[in-house]
Amino acid sequence: ETTLLFFYSLILGAVSILVVLSNYYSQNIFSKFSSFFIPKKFPKKSYDAVFYNRNVSVIIPTYKPTVETYDLILSISQWYPKITIVVVDDFSPKNYEVSLILEKIEKLSKFNYKVVLLRNSENELKAGALNSGINYLKSLGYNKPQVVFTFDDDVRIIPPTIPEMIDEL
């Protein structure tokens, strides 16, 4: 009971500090506080200038792909239609969930020629999957990329991620 009372008094103290600070500063502290927890919405803008005369590719090695893997591939293909996405499945075990995600990725690759799904015939770990993706990109001949990024299959990105990384390079 005393722990609960202490917790409530701690929350009340934090709220009162926020109220005092919001009155002290001209900007609303609550909006700053909420923007810390609620992500910003990014305006849809064209990144054509960043990709001008640059052939960019992304390699995504995966083992037991999940919905996050598919979301990452879909996000990259929608935000940056000029990027080649090479997804390398490192001999994932056959089960219903994995097969479903791989089928979705394969279907996406049939409709979008910039998405490529490669499957290793044996488990070669992450380094082997990356090497498979690099070997595929090397085989493109004159269309080899100038910039290659690798992402883990469970990562989430925002629209400015790849253009900002290219600018840094």
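Residues numbered from 1 in each chain as written. Predicted model: local features only at pLDDT ≥ 70, side-chain atom pairs only at ≥ 80, totals over all residues. Heavy atoms only, no water.

## Here's the deal with the packing of helix H4 (residues 67–79) against helix H5 (residues 96–111)
- Where H4 contacts H5, the two axes come as close as 9 Å, and the packing angle between them is 15°. Classed by the angle they form, the pair H4 and H5 counts as roughly parallel. Considering only the axes of H4 and H5, their crossing is left-handed. Of the residues in H5, those in contact with Val67, Thr69, Tyr70, Ile73 and Leu74 of H4 are Ile101, Lys104, Ile105 and Leu108.
- Looking at the contact of H4 with H5 residue by residue, the class counts come to 7 nonpolar, 1 polar and 1 charged. (Axes fitted to C-alpha atoms, helices over the stretch in contact; angles between N-to-C directions. Helix = DSSP H or I, 4+ residues; strand = E, 2+ residues; numbered from the N terminus. Parallel < 35°, antiparallel > 145°, perpendicular 65-115°, else oblique. Left-handed = near helix turned anticlockwise from the far one by under 90°. Contact = heavy atoms within 4.5 Å. Nonpolar A, V, L, I, M, F, W, Y, C, P; charged D, E, K, R; others polar.)

## What to know about a nonpolar patch on the surface
- Together, Leu4, Phe7, Tyr8, Ile11 and Val15 make up an exposed nonpolar region whose accessible area comes to about 480 Å².
- Along the polypeptide, Ile11 turns up in helix H1 (residues 2–24).
- Taking the relative accessible area as the measure of exposure, Ile11 reaches 39% and is therefore partly exposed. (Patch = residues over 30% accessible without salt bridge, like charges linked within 9 Å, V, L, I, M, F, W, Y side chains within 5 Å. Areas by Shrake-Rupley, 256 points an atom, 1.4 Å probe, with all protein chains shown as cover. Salt bridge = Lys/Arg side-chain N within 4 Å of Asp/Glu carboxyl O. Buried < 20%, exposed > 50% of the residue type's maximum accessible area, 1.4 Å probe, protein only.)

## Comments concerning the sheet that holds strand E1 (residues 56–62)
- Spatial strand order, E3-E2-E1-E4: 4 strands in an open sheet with parallel pairing. Strands with a single pairing partner mark the edges of an open sheet, and in this sheet they are strand E3 (115–119) and strand E4 (147–150). Strand-to-strand twist in this sheet, taken as the mean axis angle between neighbours without regard to direction, amounts to 20°.
- Alignment of E1 against strand E2 (residues 84–89), held across 6 bridges, turns out to be parallel. The residue bridging Val58 from the neighbouring strand is Ile85, located in E2.
- In the packing of H5 onto the sheet, the strands contacted are E2 and E3, and the crossing angle to E3 comes to about 135°. (Pairing = 2+ DSSP bridges.)

Geometric descriptors of this kind do not, in isolation, establish any biological role.
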